[in-house]
Amino acid sequence: MTDRRVRGLLPTARASVAPRTDGYDAFLSYSRDSDGEFAPEFHAQLLDFDRRDGVRDLRIFLDRTGLANNPSLWDSIKHKLERSDYLILLASEGAASSHFVAEEVAWWLDHREPETLLVALTSGKIVWTANKIDKISTTALPAPLAERIDREPKWTDLTRLRQRRRFWRRHPDRATALAELVAPLRGPDVSTEEILSAHIARQGSANLVSRLTITALGVMLAVSVAASGYALREASRANEAVNANAAHLLGATSHVVHQDDPAVAQLLAAEAVERLRDGQTRTALFNAVTANEPADPYLLRTVDVPEETELADVAPTGTGIVGRTDRGDLVRWNPDDGEPAVLRGDRTPSGTVTGSGSAGPFVAGSADGTVVAAVDDLGVTVGRFGPLPEGSTSRQTHLDLPGATAVAITPEGGTLLIAWHDATTGRNRIGSINLAGRDLAVLESDAGSRRPHEQRLAFSSKVETELAVTSLAVGSSRTLAVADAEADALEVRSLDTLELTHAGAVELPDGAVPSPSLNDWATLRSDQDGTTVTVHHWADGSVRSAGCPVPRVWSDPEVVAMDDETTRVLIATDRGLVACEIAEDADLRRTWHLTGVRRTGPPVLVGTDRVAAASDGRIALWSTADTHGDVPLPDSAGAAAAAAAATDGDGAQPDDGPAGPTAVLATYRDEPAGAASTAASWSDGTVTIHGRGTVTLPADSPDAGRPLLPVWLDRDSLLLVTPEGDAYRTGGGTAAGYEAGFRDLVAPGLEGGDPACATVVSAHRTRDDILLVDACSGLHLLDAGLQERALYVPGPLGATPRLEPGWTAPGRVAVADDGSEVAVAPRDFSLRVADLDAAARGETDVWTVRGSSVAQVHMIGGTDGTALPDQLVTLGLDSAVRLRPVTGAGDPVSLDLAGTYGDVMAVLPGPNLVARNRGSALAFFDIETGQKMGELATSLYSPGGEVAPGAVHAADGQLLVVQDHGVTTGWTFSDDQMIARACAMAGRAPTPDDMPEGVVLEEDPACSP
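Please read these numbers as outputs of a predicted model, since none were measured by experiment. (Residues numbered from 1 in each chain as written. Predicted model: local features only at pLDDT ≥ 70, side-chain atom pairs only at ≥ 80, totals over all residues. Heavy atoms only, no water.)

## Focus: the overall build of the protein chain
1) Next: The helix and strand inventory of the protein chain stands at 17 helices and 63 strands.
2) Next: Evaluated residue by residue, the protein chain yields a buried proportion of 55% over its 1009 residues.
3) Next: Contacts in the protein chain between residues far apart in sequence, at least 24 positions, make up 55% of those at least 6 positions apart.
4) Next: Surface exposure of the protein chain reaches about 42,100 Å², of which carbon and sulfur atoms provide 47%. (Helix = DSSP H or I, 4+ residues; strand = E, 2+ residues; numbered from the N terminus. Buried < 20%, exposed > 50% of the residue type's maximum accessible area, 1.4 Å probe, protein only. Contact = heavy atoms within 4.5 Å. Areas by Shrake-Rupley, 256 points an atom, 1.4 Å probe, with all protein chains shown as cover.)

## A word on the confidence of the model for the protein chain
1) Next: Taken as a whole, the protein chain shows an average pLDDT of 81; of its residues, 83% reach a score of 70 or greater.
2) Next: Segment residues 206-228 is flagged for pLDDT under 50; beyond a separation of four residues in sequence, or across chains, it makes 18 contacts in the model.
3) Next: In this model residues 648-657 is a low-confidence stretch, pLDDT under 50, and it forms 14 contacts with partners more than four residues away in sequence or in other chains. (pLDDT = per-residue confidence, 0-100.)

## Quick notes on the side chain of Asp783
1) Next: Following the sequence through the fold, Asp783 ends up in strand β47 (residues 779-783).
2) Next: For the buried Asp783, which has no salt bridge, the nearest side chain bearing the opposite charge is Arg729, at an N-O separation of 9.4 Å.
3) Next: Polar side-chain contacts of Asp783 include one of 3.1 Å to the backbone nitrogen of Gln787.
4) Next: What Asp783 contacts, discounting residues up to four positions off in sequence, is Asp768, Asp769 and Glu788. (Lys, Arg positive; Asp, Glu negative; His and termini not counted. Salt bridge = Lys/Arg side-chain N within 4 Å of Asp/Glu carboxyl O. Polar contact = N/O pair within 3.5 Å; in protein donor to acceptor, adjacent residues only side chain to side chain.)

## Here we look at helix α8 (residues 174-185)
1) Next: A rise of 1.5 Å per residue sets the reference length of α8, with its 12 residues, at 16 Å; its end C-alpha atoms lie 18 Å apart and thus fit the reference within 8%.
2) Next: Judged by how many residues are buried, α8 sits mostly within the fold: 12 of 12 residues are covered.
3) Next: Taken together, the buried positions of α8 are occupied by Arg174, Ala175, Thr176, Ala177, Leu178, Ala179, Glu180, Leu181, Val182, Ala183, Pro184 and Leu185. (Expected span 1.5 Å × (residues − 1).)

## Section: empty space enclosed by the protein
1) Next: On inspection of all chains with the given rule, the structure shows four cavities of 30 Å³ or more.
2) Next: Residue lining of the largest cavity: Phe286, Val289, Thr290, Leu908, Leu936, Leu959, Gly970, Trp971, Thr972, Phe973, Met978 and Arg981, and that is the complete set.
3) Next: Those elements that place two or more of their residues in the lining of the largest cavity are α12 (279-290), β63 (966-972) and α17 (975-986). (1 Å grid on protein atoms, 1.4 Å probe; cavity = no way out; pocket = protein on both sides within 12 Å on 5 of 7 lines; lining within 4 Å. Points joined across faces, edges and corners; volume = space filled by probe spheres on them.)

## Concerning the side chain of Arg429
1) Next: Along the chain, the position of Arg429 falls in strand β19 (residues 427-434).
2) Next: Of the polar contacts made by the side chain of Arg429, one reaches the side chain of Asp422; its length is 3.0 Å.

Here it is in structure tokens:
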């Protein structure tokens, strides 16, 4: 595994002193102003971290007196420096301005190798730009060090730990940070993983000894009182302790190696959660999955094409892609088998690779990608990956055939098809060459060097055609489809004889793009009403059209690929790719917006659920599996954004300009591992159901254009509630009908109180019920079958409306998944919690004050992993985030989240994280420690110029994010879903070599083959 030990910051120094064995392992240099309290505690942690049998204890010098108090101590300090092997600098603003820290660092740089100076950042910044240190922005390094840096520094980051000292023992980064600093002190051959593994193993051994001691006592007790069950329970607990230590080691190692080897980090994190599901392992899994860079929920991974080649064209195979480079080399990549492989060209001169700007497949491969052919202006290059036929000597050859325009290979790789234009005679020809069992070096005949190029090749069949061929495709029933996209014509020939099987050419739609088999062709129409894709089936002339929402902020859409099942069409734009499902089932429409790769090259659709594209010498792989996809923004959102951009020029919203609509999002999942149904209801009255399209109310409905609250009845039925308490039910599609009788169920509660309260402002689906909240915090609880009259619980605020709909003021109502508790944060009134179970029993005193007035409230489950409500996360009017129990005594705990952030966007109940707004990203913080766990780069939708707090929704193991291009549904955070995603991103199964020392790979790992 890759070793991420701490490195020095400077080039090799001239002077050096041999390490001493009778002195100190390290000298700890720090500023008393910045780290006077932290340094002694950190010093103790370092000394205690690596205590192993047979390994001497570390000796680290810490000056507790301080040169500032007694400058005459410099000679003594210098003597301690001379006897030390390493200098550990606690970098901070105070250290940067400390004269005495500068003296210690300057002495060290004059007398020691730079690799022996270790930096641990406790506060401030170290900024590296344009291959040099940014001395203005860097605030944590003393001048002697900043002036002598000549490469980008790498350091151990203690800032999160420094801010949360009281959580030292529980902090997820504690062990990793200490191991990174201790490893160099133990010797040049000792890795961070070795120290980390030994530490966790020592902890496990201590716990095991304790457990075994208790077990032994239990056995003695069992003998004396015949209670052997106690001993068995304690033995089981001992095994659980060993398993927990192994899981924590896996999670900690995942943190260590993620930067250098993301695939290993993902495998280890998945294995950690599979063995033990707690806060530490879940955090490791969350980081391993979301730290994918760049952050696109559909982007599984990117891989470098080896040997610094640059892909010019790619084509799909049954298992992955094949391609050719700008130098004529051949590439094969099966994402499930490992890294890409390259066959280098060995001929001079090489033909020009024109790229995919012209029509036609310039590269083609067999179904498994083992046989590849590519066109250039001098002919065709043919190559073989994998085992060679018996007696073969060549993996690659070039067939000289000027004028070649297209190639195809039969699925089994036994026949090569070539189309070319003979410039001498002006004729177009097609030929086939048998490859089965043949050496590529003998594909030329003995026709003589003075013969035309086509006569030198060992064609088994050769015919002329009227078409200027741009595409070839091998079909079923031993046929070959031949297309001329410029003339919009296609003909079908026998694969064996290359003779026509139909009377003449078939007319194709103008400007269409084919599927790989050429059976279907796609055209695109884009105008102010949207983007529509039409699929044309040449055999019977049938067509079908479907909308493919391309974001208005993405321009220049064009169809670039379609799969053979004609279920997906790929559209390229200036900002990314749009994959649209155009299935025969008219009720099913899904869209994926694929981003995260700069200068996206030729993209293709792979298999049934993947997209691949070449970019800057890399290959990107996206997934369109399961039911994930994006919900498009309503037309009014794009119109408002366009108007704002036209007014301000920079996209900012003018004070009197149009504001875009905001959304209320809702999800429903039958079971934890099942597919989620998603709906977005916009303040302009638009309601979009994921995969179904836009809801259209009946023509005579008075509620058209009014915002409606979405509530899922089941995975196929959505209830849309009006402010007056009426409702519409979707019938599994996009047409909605009035829900007769619904008003009768809720009217007694809405009309029995003050008329000012009779407005429904929030609607939620619990596990078994539907909860509506009115403007005065009145609660209306119905059964999901809409059969029983609503249970009405009066609000605690009297007749004064203090709640607004979620489009205006999101985050003011939080409901437990099991429907037992609901928290309400009314405007200008104290936070309150209602016990709905007590209300169902007929009790009247069900409201409890749980705090002062807050801007938002969120509810999370218990820390034991159950769905029962346990804690409230609130955003105060002072922007502070606090944690308080749902019930019982206990003062709120301020999370002290580091940095300046905006609204609480969502709370993720699985890994127990808070998501906060950071403009172009979402920042995630651990609820228990307040530690920042990471960020997701997003393009958050910002109607009115500011991001709406309701633009993020977390429920049912899913994170919905409203972005400029639509509502992204691809982020998931339930354990099972994240394990599956981590395995898919890693692209392989774990091996024993991936495991940290002391952990054995189980027979059935989380990421099984």
